[in-house]
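Structure assessment
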Amino acid sequence: MDAATLPDLDQLDSKALKSLILALHDQVFSHQKQLTTQQEEILSQRQQLASRDVEIEHLKLLIAKLRRQQFGRSSEKWEHQIEQLELRLEELEARRTKETPAVKESAPASTVAARSVRRPLPAHLPREVQKYLPQQEACPDCGGQLKHLGEEVSEILEYVPASLKVIQYVRPKLACACCDRIVQAAAPSRPIERSIAGPGLLAHILTSKYCDHLPLYRQSQIFARAGVELDRSTLAEWVGGSSRLLAPLVEALRRHVMAAGKLHADDTPVPVLAPGLGKTKTGRLWTYVRDDRPAGDGTPAAVWFAYSPDRKGEHPRSHLSNFTGTLQADGYAGFEHIYEAGRIQGAACWAHVRRKFYDLEVAHKSPVAAEALQRIAGLYAIEKEIRGRPPDERREVRNTRSRPLLESLKQWFEETLGKLSRKSDTAMAVRYALGRWEALLLFCDDGRIEIDNNAAERALRVVALGRKNFLFAGSDGGGESAAAIYSLLGTAKLNGIDPESYLRNVLSRIADHPIKHIEELLPWNVAASLQLPIQEAA
């Protein structure tokens, strides 16, 4: 009922007026109730949106915190947690975008929801220009001639699906009209003899398998969707052939790594099919990292991987037979024989010490572990300040500021150990640190040495990720091939070079490249000569 439908009030008796007032009251009350319900729904939606935004920010903070707490092999449990949180974060952000009304580019900034600052699109990407001219050929107001005033340029990022193409090598035959001599150009070299795979295809397969953790059988399925049948066995043959072709380059990389005065070393288990048994055995991938950039050294960083069928100490002894200097590694007993000769000295890892106390603090809320973590954090805060400075300056700062903290920490360890049960986990963590104390102090005496062995553990992370997606190797030979490719891909990433672009370039040249100049194909030399796109160094 509205004003237009109201009856003449002067003609109504008291009973009719009362009835009309009650009807109007019910109508107003109904509208108020409906409005209240709508307001409550809006408030509830706002609270849900606010709660979701808070959860998104909390998840981002938690993921960042977990990433800072990752260390080496035992980080696989963190990786699982991070993956689950990333999935939850993706779901929340997708829902927020789906449920938020679209805002036109021309809308004022005040109407656009707060979001992270958009980075400019990379300059090295090819640009396709599409011009949109006004429909009017003359001024819509006065009919006057239009002249160019300027233009607005905006960009979107588009994806062009990967495509395959066939390159035909056409070599005409020419015959001499006088002597019937036939002349023909020599056939161009192929990365793998009598193979149909070009260097770009081989680079893509290797990068997909060892960098993006995509098994060969899945790659075969992807190629099939593009209408090209490439059996998994064919792809496997190409992987082995590429590894054989790249062997001299990997050897040059090994020589570069072993020429360092300090190395980071670590190893990780890899499942390998045992011949004829249908079961798996445990092989080993060893990694050796040369990276002195934190000490202000401009020598290119590099990583060399080696495969062995077991974890016997003879393998690292063989790998390090020509190395002299400092080896930063964990407490693996196989390294002890290397240190005995005096040619190599061992530097222990504070990240390993910290990890033991961190696990205790998480599991038991141990006050001893909490204090140990706080004291170790003081050492890392100093390291953060001096990262990238020259060795002499780092050594001076460490002796001035870090060594007093270390002396206090040792005294506290010894006093605490006397108050703990000998069989407790906390006592074992304290004894682990005290048992390696001299090796843990070595970084104070040499500015080139790092406080931990995280450089090697970061290099092995790609192996752990790949291990989740597929059985690592079908044989010891497969493990050796993987070590070779991991070496080149890992070194390219350490130097901020796109791994696939690097491999594509090398595979297109290496068949005809003089073996005595093989060092010219190392990642940093290729990047310098061809100006490959540089990414953030690993």
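Bear in mind the structure is a predicted one, so any value in this text is a computation, not a measurement.

**Section: the overall build of the chain**
Along its length, the chain carries 16 helices and seven strands. Surface accessibility of the chain: about 33300 Å² in total, with carbon and sulfur atoms responsible for 53%.

**Quick word on the pairing of strand β5 (residues 302-308)**
With respect to burial, β5 is a largely interior element, seven of its seven residues being buried. Covered by surrounding structure in β5 are A302, W304, A306 and S308 together with V303, F305 and Y307, the residues of both alternating faces. Examined bridge by bridge, strand β4 (residues 280-290) and β5 share seven bridges and lie antiparallel to one another. Bridged to T287 within β5 is F305.

**Quick look at the environment of R394**
When you line up the elements, R394 lands in helix α10 (residues 391-417). Its relative accessible area of 1% is what places R394 among the buried residues. In the structure, R394 is positioned 49 residues away from F443 in sequence and 9.4 Å away in space, judged by C-alpha atoms. With sequence-adjacent residues up to four places away left out, R394 is seen in contact with P294, A295, I386, R387, G388, R389, G447, R448, I449 and E450. A distance of 2.7 Å separates a polar side-chain atom of R394 from the backbone oxygen of G447.

**Comments concerning helix α11 (residues 425-435)**
Taken together, the buried positions of α11 are T426, A427, A429, V430, Y432 and A433. Contacts from the buried residues of α11 go to α8 (350-364), α9 (367-386), α10 and α12 (437-445).

**Some remarks on the nonpolar core**
Taken as a class, soluble globular proteins show a tendency for nonpolar side chains to be buried jointly. Residues W238, L246, L249, F305, L320 and Y502 are the most contacted members of the largest nonpolar core, which totals 74 residues. A total of eleven residues in this core trace back to one element, the largest contributor, which is helix α5 (residues 232-258).

**Overview of the pattern of salt bridges**
According to the stated counting rule, one finds 18 salt bridges in the structure shown. In this structure, E457 and R355 form a salt bridge, with 3.1 Å as the shortest nitrogen-oxygen distance. With a gap of 102 residues between them, E457 in helix α13 (residues 454-469) and R355 in helix α8 connect regions that are remote in the sequence. Relative accessible area serves as the criterion here: at 5%, E457 is assigned to the buried category. Between R398 and E383 there is a salt bridge, with its nearest N and O atoms 2.7 Å apart. With R398 in helix α10 and E383 in helix α9, the pair connects residues that are 15 residues apart, well separated along the chain. Given the relative accessible area of 0%, R398 is considered buried. Counted as one network, the salt bridges with shared partners bring together E251, R254, R255 and E519.

**Notes on the side chain of Q328**
On the secondary structure map, Q328 appears in strand β6 (residues 325-328). Only 3.5 Å separates the side chain of Q328 from the backbone oxygen of D452, close enough to count as a polar contact. With sequence-adjacent residues up to four places away left out, Q328 is seen in contact with K262, L263, H264, A265, A347, A348, I449, E450, D452 and N453.

**Examining the packing of α8 against α11**
Packed helices, taken two at a time, are described by the angle their axes make and the gap between the axes. Orientation of α8 relative to α11, taken along the N-to-C sense of each, is 165°, at an axis distance of 9 Å. It follows from the interaxial angle that α8 and α11 lie roughly antiparallel. Between α8 and α11 lies a crossing of left-handed hand. In contact with H352, V353, K356, F357, L360 and H364 of α8, α11 contributes D425, T426, A429, V430, Y432 and A433. In terms of residue class, the contact of α8 with α11 is made up of seven nonpolar, three polar and two charged.

**Brief notes about α9**
Its 20 residues give α9 an end-to-end C-alpha distance of 30 Å, which sits within 8% of 28 Å, the value for a rise of 1.5 Å per residue. Buried within α9 we find V368, A369, A372, L373, I376, L379, I382, E383 and I386. Packed against the buried residues of α9 are α8, α10, α11 and α12. Measuring from the backbone nitrogen of V368 back to the side-chain oxygen at the start of α9 gives 3.3 Å, which picks out S366 as the cap. Where α9 terminates, the next one or two residues include G388, which has phi positive at roughly 95°.

**Examining the packing of helix α3 (residues 199-210) against helix α15 (residues 499-509)**
Running from amino to carboxyl end, α3 crosses α15 at an angle of 140°, the nearest separation of the two axes being 8 Å. With respect to their mutual orientation, α3 and α15 come out oblique. You can see that α3 and α15 cross each other, and the crossing is right-handed. Every residue of α15 that contacts α3 at P199, G200, L202, A203, H204, L206 and T207 is listed here: P499, E500, L503, R504, L507 and S508. Of the residues that constitute the contact of α3 with α15, the class distribution is seven nonpolar, four polar and two charged.

**Re the confidence of the model for the chain**
It should be kept in mind that the predicted coordinates are not to be read in detail where pLDDT is low. Model confidence for the chain is summarised by a mean pLDDT of 82, while 81% of its residues fall at 70 or above. Segment residues 71-76: pLDDT under 50, and 17 contacts once partners within four positions in sequence are set aside and those in other chains are kept. The low-confidence segment residues 109-114, where pLDDT is below 50, has two contacts with residues more than four positions distant or belonging to other chains.

**What to know about the packing of aromatic side chains**
Aromatic ring pairs are described here by two measures, namely the spacing of the ring centres and the angle between the planes. On inspection of all chains with the given rule, the structure shows seven aromatic pairs. Considering the side-chain rings of W350 and W437, the 5.7 Å spacing of their centres and the 80° angle between planes classify their relative orientation as edge-to-face. On the criterion of sequence distance, the pair formed by W350 in helix α8 and W437 in helix α12 is long-range, its members being 87 residues apart. Taking relative accessible area as the criterion, W437 reaches 5% and is therefore assigned buried. An angle of 40° between the planes, with centres 5.6 Å apart, marks the rings of W412 and F413 as tilted. Of the residues examined, F413 reaches a relative accessible area of 0% and is grouped as buried. What links up through ring pairs into an aromatic cluster is the set W350, F357, W412, F413 and W437.

Calculation rules
- Residues numbered from 1 in each chain as written.
- Predicted model: local features only at pLDDT ≥ 70, side-chain atom pairs only at ≥ 80, totals over all residues.
- Heavy atoms only, no water.
- Helix = DSSP H or I, 4+ residues; strand = E, 2+ residues; numbered from the N terminus.
- Areas by Shrake-Rupley, 256 points an atom, 1.4 Å probe, with all protein chains shown as cover.
- Buried < 20%, exposed > 50% of the residue type's maximum accessible area, 1.4 Å probe, protein only.
- Pairing = 2+ DSSP bridges.
- Contact = heavy atoms within 4.5 Å.
- Polar contact = N/O pair within 3.5 Å; in protein donor to acceptor, adjacent residues only side chain to side chain.
- Core = buried A, V, L, I, M, F, W, Y, C linked by side-chain atoms within 4.5 Å.
- Salt bridge = Lys/Arg side-chain N within 4 Å of Asp/Glu carboxyl O.
- Axes fitted to C-alpha atoms, helices over the stretch in contact; angles between N-to-C directions.
- Parallel < 35°, antiparallel > 145°, perpendicular 65-115°, else oblique.
- Left-handed = near helix turned anticlockwise from the far one by under 90°.
- Nonpolar A, V, L, I, M, F, W, Y, C, P; charged D, E, K, R; others polar.
- Expected span 1.5 Å × (residues − 1).
- pLDDT = per-residue confidence, 0-100.
- Phe/Tyr/Trp six-rings, centres within 6.5 Å; stacked < 30°, edge-to-face > 60°.

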